[in-house]
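Structural features, examined
Residue-level listing of the chains:
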Amino acid sequence: MDVHEVIEKIANGERRTPVRVYLKAEHPLEFPDATVFGLHDMIVFGDWENIKKILSAHESEIREIIVETDCRNSAVPLLDVKDIHARIEPGAIIREHVEIGEKAVIMMGAILNIGCVIGNESMVDMGAVIGGRAVIGDRVHIGANAVIAGVIEPVSAQPVQIDDDVLIGANAVVLEGIHIHSGAVVAAGAVVTKDVCEDCIVAGIPARIIKRRNQTKEEKIAINKQLR
């Protein structure tokens with residue numbers, strides 16, 4: 001997404017608190033601004049601000065009720081992932097306007113923020129955070145609990161760009177605006193504060209080049225392909 005589109009969506013998006021209400025009432029209740037299944041045993045889907053008014057007005061008629069919600073006053077809904085041609089495991093949080101490529105893998109607990117792009121056959125491992133507008137190339141592995149910084153403002157700021165065939169180790173951090181070129185490897189726990197050249201391996205805080213790509217990386221790539 002263009003940065004202006006992201007800002008517009010966040011600033012002016014309708015704040016919603018979507019809920020699922022399971023209730024048993026003495027007689028059917030009407031929820032004009034919600035979707036309702038059932039009569040006396042009802043399941044209601046809609047926004048809490050609309051539904052709670054009906055519930056309050058008919059409180060004495062409700063025998064049992066359970067209300068479930070995932071967020072409060074959210075301006076950016078979660079992405080509908082049903083038709084995405086990727087593997088998305090339970091517990092991943094993926095905001096709307098995220099692009100996910102063919103055969104990508106999004107593991108449990110991963111967080112993908114608005115406007116980010118995940119390339120074909122890339123893996124975002126458990127607990128990793130991909131910030132807003134970050135661009136991840138093809139066949140990239142983002143290790144567990146790694147953080148790829150997002151950038152929404154200032155408008156002139158550049159997002160993180162990670163090119164094809166890059167490995168980001170567990171718990172690594174890539175700061176905003178960084179460009180990691182193809183084939184590079186970022187060691188576990190590294191903090192990347194400068195661009196990383198093609199086929200370089202960096203480690204440390206701040207990350208520095210320690211050597212060039214070698215057979216070890218090729219073996220890791222082979223393992224990643226098997227996992228997919």
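Everything below is about the structure printed above this text.
The rules behind each value
Residues numbered from 1 in each chain as written. Predicted model: local features only at pLDDT ≥ 70, side-chain atom pairs only at ≥ 80, totals over all residues. Heavy atoms only, no water. Helix = DSSP H or I, 4+ residues; strand = E, 2+ residues; numbered from the N terminus. Rg over C-alpha atoms; globule rule 2.2 N^0.38 Å. Buried < 20%, exposed > 50% of the residue type's maximum accessible area, 1.4 Å probe, protein only. Contact = heavy atoms within 4.5 Å. Areas by Shrake-Rupley, 256 points an atom, 1.4 Å probe, with all protein chains shown as cover. Lys, Arg positive; Asp, Glu negative; His and termini not counted. Charge placed at Lys NZ, Arg CZ, Asp CG, Glu CD. Pairing = 2+ DSSP bridges. Disulfide = S-S within 2.5 Å. Salt bridge = Lys/Arg side-chain N within 4 Å of Asp/Glu carboxyl O. Core = buried A, V, L, I, M, F, W, Y, C linked by side-chain atoms within 4.5 Å. 1 Å grid on protein atoms, 1.4 Å probe; cavity = no way out; pocket = protein on both sides within 12 Å on 5 of 7 lines; lining within 4 Å. Points joined across faces, edges and corners; volume = space filled by probe spheres on them. Nonpolar A, V, L, I, M, F, W, Y, C, P; charged D, E, K, R; others polar.

1. Some points on the overall build of the protein
The helix and strand inventory of the protein stands at 3 helices and 23 strands. In terms of overall size, the protein is more extended than a compact globule, its C-alpha atoms giving a radius of gyration of 22 Å where 228 residues would be expected to give roughly 17 Å. Dimensions of the protein along its principal axes, counting C-alpha atoms only, are 70 × 40 × 30 Å. The buried share of the protein, reckoned over its 228 residues, is 39%. Sequence-distant contacts in the protein: of pairs separated by 6 or more residues, those separated by 24 or more amount to 32%. For the protein, the accessible area works out to roughly 12300 Å², and carbon and sulfur atoms hold 52% of it. Between the averaged position of the 24 positive side-chain charges in the protein and that of its 34 negative side-chain charges there is a distance of 6 Å.

2. Quick notes on the sheet that holds strand β21 (residues 191–192)
Taken together, 6 strands build an open sheet; the order of strands is β6-β9-β12-β15-β18-β21 and the sheet is parallel. This sheet does not close on itself; its edge strands, each paired only once, are β6 (93–94) and β21. Sheet analysis places strand β9 (residues 111–112) next to strand β12 (residues 129–130), joined by 2 bridges and oriented parallel. In the sheet register, Ile111 faces β12, and the bridge partner there is Val129.

3. Details of the state of the cysteines
Considering all chains together, one arrives at 0 disulfides under this definition. There is no disulfide at Cys197, and the cysteine sulfur nearest it, in Cys200, is 4.8 Å away. Taking relative accessible area as the criterion, Cys197 reaches 44% and is therefore assigned partly exposed. With relative accessibility at 3%, the residue Cys200 sits in the buried group.

4. Focus: the pattern of salt bridges
Scanning all chains against the criterion turns up 9 salt bridges. Linking Arg72 and Glu49 is a salt bridge whose minimum nitrogen-to-oxygen distance equals 3.1 Å. Separated by 23 residues along the polypeptide, Arg72 in the loop between β4 (62–69) and β5 (87–88) and Glu49 in helix α2 (residues 48–57) bring together distant segments of the chain. Put simply, Arg20, Glu68 and Asp70 are held in one network by salt bridges that share partners.

5. Side note on the nonpolar core
If you look at the biggest cluster of nonpolar residues, it comprises 35 residues, and the most contacted ones within it are Leu112, Ile130, Ile142, Ile148, Ile162, Ile168 and Ile180. Those residues in contact with Ile148 that lie beyond four places of it in its chain are Val129, Ile130, Gly131, Ala134, Ile136, Ile142, Val160, Ile162, Ile168 and Val174. Counting 13 residues, the second-largest nonpolar core is a separate cluster that includes Val19, Leu23, Phe31 and Ile54.

6. Concerning the environment of Ile54
As for its placement among the helices and strands, Ile54 is situated in helix α2. For the pair Ile54 and Glu30, spaced 24 residues apart in sequence, the C-alpha to C-alpha distance is 7.8 Å. Residues in contact with Ile54, not counting those within four places in the same chain, are Glu30, Phe31 and Pro32.

7. Observations concerning the pairing of strand β23 (residues 208–212)
Burial of β23 is sparse: only 0 of the 5 residues sit out of reach of the surface. Both strand β22 (residues 200–203) and β23 contribute to a ladder of 4 bridges, which runs antiparallel. Residue pairing across strands places Cys200 opposite Arg212, the latter belonging to β23. Hairpin geometry of β22 and β23 is characterised by an intervening segment of 4 residues between the two adjacent antiparallel strands and by a positive phi of about 100 degrees at Gly204.

8. With respect to the layout of surface pockets
The volume enclosed by the largest pocket comes to roughly 400 Å³. Every residue lining the largest pocket is counted, 18 residues in all, and those nearest its centre are Pro18, Cys71, Ser74, Pro77 and Leu78. When contributions to the lining of the largest pocket are tallied by element, the ones reaching two or more residues are β1 (18–25) and β3 (41–47). At 3 residues, β1 tops the list of elements feeding residues into the lining of the largest pocket. Of the residues belonging to the lining of the largest pocket, the class tally is 9 nonpolar, 3 polar and 6 charged.

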